[in-house]
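Each chain, letter by letter, is given below.
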Amino acid sequence: MASSEDACSTQLIDGDGGFNVSGLENFIKGVNLRECGLSYAVVSIMGPQSSGKSTLLNHLFGTNFREMDAFKGRSQTTKGIWLARCAGIEPCTLVMDLEGTDGRERGEDDTAFEKQSALFALAISDIVLINMWCHDIGREQAANKPLLKTVFQVMMRLFSPRKTTLMFVIRDKTRTPLENLEPVLREDIQKIWDSVPKPQAHIETPLSEFFNVQVVALSSYEEKEEQFKEQVASLRQRFNHSVAPGGLAGDRRGVIPASGFSFSAQEIWKVIKENKDLDLPAHKVMVATVRCEEIANEKYSGFAKNETWCVLEEAVQSGPVSGFGKKLSSILETSLSGYDEEVLYFDEGVRSAKRQQLEEKLLQLVQPAFQTMLGHIRSGTLDKFKDEFDKALSGGEGFSSAACHCSKSYMALFDEECADVVIEQANWDTSKVRDKLQRDIDAHIASVRAAKLAELNASFESKLNESLSGPVEALLDGANSETWPAIRKLLRRETESAISGLSDALSGFDMEEETKEKMLTSVENYAKGLVEAKAREEAGRVLMRMKDRFTSLFSHDSDSMPRVWTGNEDIRAITKMARSASLKLLSVMAVIRLDDETTDTIENTLSLALVESTSSAAANKNIIKHDPLASSTWEQVPSSKTLITPVQCKSLWRQFKSETEYSVTQAISAQEANKRSNNWLPPPWAMVALVVLGFNEFMTLLRNPLYLGFIFVGYLLIKALWVQLDISGEFRNGALPGLISLSTKLLPTVMNLLKKLAEEGQIPTPNNNDPPRNPVAASKNYANGVSTSEMSSSASSEVTSSGNGTKYSSATKEE
């Protein structure tokens, strides 16, 4: 027996038909069978019990199968099926030692297990050794006949022939030459083949289609041991490279790859035990399916746990990864290549289908990372586009030019970066992401375009607002016949300037003419609307404007100096002039006149209805005329251009007259008061009466000059009180209010006056040689004929005035 570890035998199937799964798996790992692919062979041996099968195998292949001890009698040695590896033979060759047939130990069960083991051996073996005695050749009832019948009968259950090599080993060869024994043996074999029932599909199939028959002869091991060993050594050489073309198993078919041998053997034995027909091609596909799926699952799990892939997947979540496509393609290729290597010898259709499934599963696993990577590229490209686009616009490049240039540039950049992400094994379409990027870029361009256009529009509207609002307000404030022509001229000039500037600015946007015209028209309408809005705003303040204009003209002369109503002014004419100017303002503000061809009779209508109608009504009180202002519209003026309706004009004029009537009344009163203050001398007849009637009193005064002094002092006191109390001013508002006011002020004023006179009397009198304190004032008073006593009185009045909080200037004015 060989001492090599490879020669250790393992019981594959025990005597009760139990399959040793764990033992087979350990055996396969021990001999590294999975790495052999198709480069391995399986040899089995059949023959009667105690025919020297194990001995032959041990000498032929260097195995260590248990051999019968002839000194203990002839009995069953091998139970079930044993498996070992042939030592020193290439390629890897497995040999199975089957339990002998026709043994007394099994009894009636012999036939059943014999057929099962024979079918199992034929299903998985490439070479089957038929161990037979030489003296049985030519005998009709020899022991080899049942064995051959068994082999041929079970072979019929293999619907697709595997082209098994049947090597008949003739033991204990006699002197009869092999050349004479072989024809007889082949003839017996052919007879047995012809007599065995066959399926309909194989009735005419020759023996050579199923078997490659070989015949060898060996001398007796017991009688001619040395010669036996030499013949066995020679036969051993024939098993080297047995699966190569021309070798013993060179014609074999439907070989199961070494990695599927264990599963295949288990399934075949299971089918045989269940007494089912064994279809080897279907079995081959089944084995390939199971093994390829197992290998595919292993590769998938290995890929999922691959460190490079895990790092790559994690890195992609936080941002783009350089060389993503190449790295991932390399990992996928490694997994798929490993699969291809392990399934190389399985059924091509099955392995291709399972490879495709594995590839689909792997691609499904990496697709989220791929999509994430595309998302990073898309968002990154979009951000870069936005920055570059903004820079181009800030640099003064035209909008359309910048948009076109940047869009093409960054779409090309996206394509380049996508090429770096593409996975070789996948034919994924990136057009959807590309289209999304294009839509995002287009949306950003549209957004910036809309913002820029809105900004341009707002800029020119702001300029129009600045250039029109103030001037229009000023023109309407000074409303006259040239107001609306001036506004139209201003509007036309500013609008043309804005449209020209906006048109130049829009030239870089590559807009359609229709859209451009709409924008220009919008700006033009905005300018017009701005003027109209300002006109409506000013129309809402027309009453205040009218009153201001009336007050300005009525209270100021042509030199813009305040009027002093001295009694020589024609208040009626001034009032009419001021009201006419206010009416002019009302007529100007009544409607909007922005069209050059606008003509209306509003001013004449207002003049006739509001000014001239008053005098005509006074002259013709009994004549009822049609009122032209009893309407809500003006003739030849659309309602959209109307600011103040005729009815509103009439109401405003009535309110205007009411609120300005007080100013006129005050002017008339001031003029009459001025006239009264200038006429202080009595009439001539009164003077003559005073002279005639007061002659005696006058003579009395001349005879007593002291009376004259008292009268003069009394006059000064009364004059001072008159000035300090402003008696004429107090009585302007009526007699009763004047008396009440004077009654409250009389006593305090008298007391203050006496107090000041007492203080003045205590001041030392200056010498005549001293210069006057205020020569200018003295000369002025002298020139005006005012005596020293009058100056003293005036000073007293000033002091008293300051005590009462009344200004001296007002007293002087009343004088």
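Residues numbered from 1 in each chain as written. Predicted model: local features only at pLDDT ≥ 70, side-chain atom pairs only at ≥ 80, totals over all residues. Heavy atoms only, no water.

The name that an unreviewed UniProt entry assigns to the chain is Protein ROOT HAIR DEFECTIVE 3-like, with the source organism given as Melia azedarach.

**Regarding the overall build of the chain**
Under the convention used in this document: The secondary structure listing takes helices from DSSP runs of H or I that are at least 4 residues long and strands from runs of E that are at least 2 residues long, numbered from the N terminus. Burial here depends on accessible area, computed with a 1.4 Å probe over protein chains only, as a share of the maximum for the residue type. Under 20% is buried, over 50% is exposed, and the range in between is partly exposed. Here, residues are in contact when the closest pair of their heavy atoms is within 4.5 Å. Accessible surface area values rest on a Shrake-Rupley calculation with a 1.4 Å probe, where residue burial reflects the displayed protein chains alone.
Scanning the chain from N- to C-terminus turns up 28 helices and 7 strands. Per-residue burial for the chain yields a buried fraction of 40% across its 815 residues. A fraction of 74% describes how many contacts in the chain between residues 6 or more apart in sequence connect residues 24 or more apart. Split by element, the accessible area of the chain, about 44,800 Å² in all, is 52% carbon and sulfur.

**Thoughts on the packing of helix H1 (residues 21–31) against helix H8 (residues 261–273)**
Short version of the rule: Note on method: axes are straight lines fitted to C-alpha atoms, helices fitted across the in-contact stretch only, with angles between N-to-C directions ranging 0 to 180 degrees. For classification, angles of less than 35 degrees are called roughly parallel, those exceeding 145 degrees roughly antiparallel, those between 65 and 115 degrees roughly perpendicular, and all remaining angles oblique. Note: crossing handedness is left-handed where the near helix turns anticlockwise from the far helix by less than a right angle, and right-handed where it turns clockwise. Basically, the charged four are Asp, Glu, Lys and Arg, the nonpolar ten are Ala, Val, Leu, Ile, Met, Phe, Trp, Tyr, Cys and Pro, and anything else, Gly included, counts as polar.
Packing of H1 against H8 leaves a shortest axis separation of 10 Å and a crossing angle of 155 degrees. Relative to H8, the element H1 lies roughly antiparallel. Relative to H8, the crossing made by H1 is right-handed. Between H1 and H8, the contacting residues are Val21, Leu24, Glu25 and Ile28 on the first element and Phe261, Ser262, Ala265 and Gln266 on the second. For the contact of H1 with H8, the residue count by class is 5 nonpolar, 2 polar and 1 charged.

**Things to note about the pairing of strand S4 (residues 92–98)**
Two faces, one strand: in a regular strand the side chains alternate between the faces of the sheet. Quick reminder of the rule: When DSSP finds two or more bridges between a pair of strands, those strands are recorded as paired.
Here S4 lies mainly inside the structure; 7 of its 7 residues are buried. Here 6 bridges tie strand S2 (residues 40–46) to S4, and the two strands are oriented parallel to one another. Each residue of the ladder has a partner; that of tyrosine 40, found in S4, is cysteine 92. Here strand S3 (residues 81–85) pairs with S4 via 5 bridges, running antiparallel. The residue of S4 that forms the bridge with leucine 83 is methionine 96. Between S3 and S4, which follow one another and run antiparallel, lie 6 residues, and glycine 88 among them has a positive phi close to 75 degrees.

**So, the nonpolar core**
Going by this rule: Here, nonpolar core refers to any group of buried Ala, Val, Leu, Ile, Met, Phe, Trp, Tyr and Cys residues whose side-chain atoms link them within 4.5 Å.
Ranked by internal contacts, the top residues of the largest apolar core, which has 169 residues, are Phe120, Phe152 and Phe211. Element by element, the count of residues in this core is highest for helix H12 (residues 348–394), at 15 residues. One finds Phe65, Ile127, Leu129 and Ala249 within the second-largest nonpolar core, a separate group that totals 23 residues.

**Comments concerning the packing of aromatic side chains**
Rules: Note on ring pairs: Phe, Tyr and Trp rings are taken, using the six-membered ring of Trp, and paired if centres are within 6.5 Å. Classes follow the plane angle, with under 30 degrees stacked, over 60 edge-to-face and the rest tilted. A positively charged side chain is recorded as over a ring if its NZ (Lys) or CZ (Arg) lies within 6 Å of the ring centre. The angle to the ring normal must also be within 35 degrees.
All told, the structure shown has 17 aromatic pairs when counted by the stated rule. Ring centres of tyrosine 221 and phenylalanine 228 lie 5.1 Å apart, and the angle between their planes is 70 degrees; this geometry places the pair in the edge-to-face category. Among the aromatic residues, those joined into a ring-pair cluster are Phe385, Phe389, Phe399, Tyr410 and Phe509. Positioned above the aromatic ring of tyrosine 300 is the side chain of lysine 361, whose terminal nitrogen or guanidinium carbon lies 4.5 Å from the ring centre. The ring of phenylalanine 460 has lysine 463 sitting right over it, with the charged end atom 5.0 Å from the ring centre.

**Here's the deal with the side chain of threonine 495**
Structurally, threonine 495 is set in helix H15 (residues 483–506). Exposure remark for threonine 495: the relative accessible area of 9% places this residue in the buried category.

**Focus on the environment of arginine 378**
Secondary-structure assignment places arginine 378 in helix H12. A sequence separation of 33 residues divides arginine 378 from methionine 411, and the C-alpha atoms of the two residues are 9.5 Å apart. Not counting residues up to four positions away in its chain, the partners in contact with arginine 378 are Phe414, Val433, Lys436, Leu437 and Asp440.

**What about the pattern of salt bridges?**
The line we're drawing: In what follows, salt bridge is the name for a side-chain nitrogen of Lys or Arg lying within 4 Å of a carboxyl oxygen of Asp or Glu.
Per the stated rule, a full pass over the model turns up 28 salt bridges. Note that aspartate 415 and arginine 434 form a salt bridge whose closest N and O atoms lie 2.8 Å from each other. Within this pair, whereas aspartate 415 is found in helix H13 (residues 399–421), its partner arginine 434 is found in helix H14 (residues 431–477), the two being separated by 19 residues in sequence. Aspartate 415 sits in the partly exposed class, given a relative accessible area of 33%. Because the salt bridges share partners, they merge into one network encompassing Glu473, Asp477, Lys534, Glu537, Glu538, Arg541 and Arg545.

**Brief notes about a nonpolar patch on the surface**
The criterion, for reference: Residues qualify for a patch when their relative accessible area is over 30% and they have no salt bridge, like charges being joined within 9 Å and the nonpolar side chains of Val, Leu, Ile, Met, Phe, Trp and Tyr within 5 Å.
A cluster of nonpolar side chains, namely Phe712, Val713, Tyr715, Leu717, Leu747, Met751, Leu754 and Leu757, defines an oily patch on the protein surface of about 760 Å² accessible area. Relative to the helices and strands, methionine 751 is located in helix H25 (residues 735–761).

**Some remarks on the packing of H14 against H15**
Direction vectors running N to C along H14 and H15 enclose 165 degrees, while the axes themselves pass 10 Å from each other. Compared by their axis directions, H14 and H15 come out roughly antiparallel. Here H14 and H15 pass one another in a crossing that is right-handed.

**A few points about the sheet that holds S4**
Taken in spatial order, the 7 strands of this open sheet run S1-S3-S4-S2-S5-S6-S7, and their pairing is mixed. Looking at which strands have only one partner, the edges of the open sheet turn out to be strand S1 (10–13) and strand S7 (211–217). Between one strand and the next, the sheet's axes are offset by a mean angle of 25 degrees, whatever the strand orientation.

**Points about a negative patch on the surface**
The criterion, for reference: Only four residue types enter the charge count: Lys and Arg as positive, Asp and Glu as negative, with His and the chain ends excluded. A charge is said to be at NZ when it belongs to Lys, at CZ for Arg, at CG for Asp and at CD for Glu.
Together, Asp383, Asp387, Glu388, Asp390 and Glu397 give the surface a local cluster of negative charge. Within the secondary structure, glutamate 388 is located in helix H12. Take glutamate 388: its relative accessible area is 31%, and that puts it in the partly exposed class.

**Describing the confidence of the model for the chain**
To keep things clear, this is the line we draw: Every residue gets a pLDDT, meaning the predictor's confidence in that residue, from 0 to 100.
Scored by pLDDT, the chain comes out at a mean of 79, with 84% of its residues at no less than 70. Here residues 768–815 scores under 50 on pLDDT; set against residues more than four positions off or in separate chains, the count is 33 contacts.

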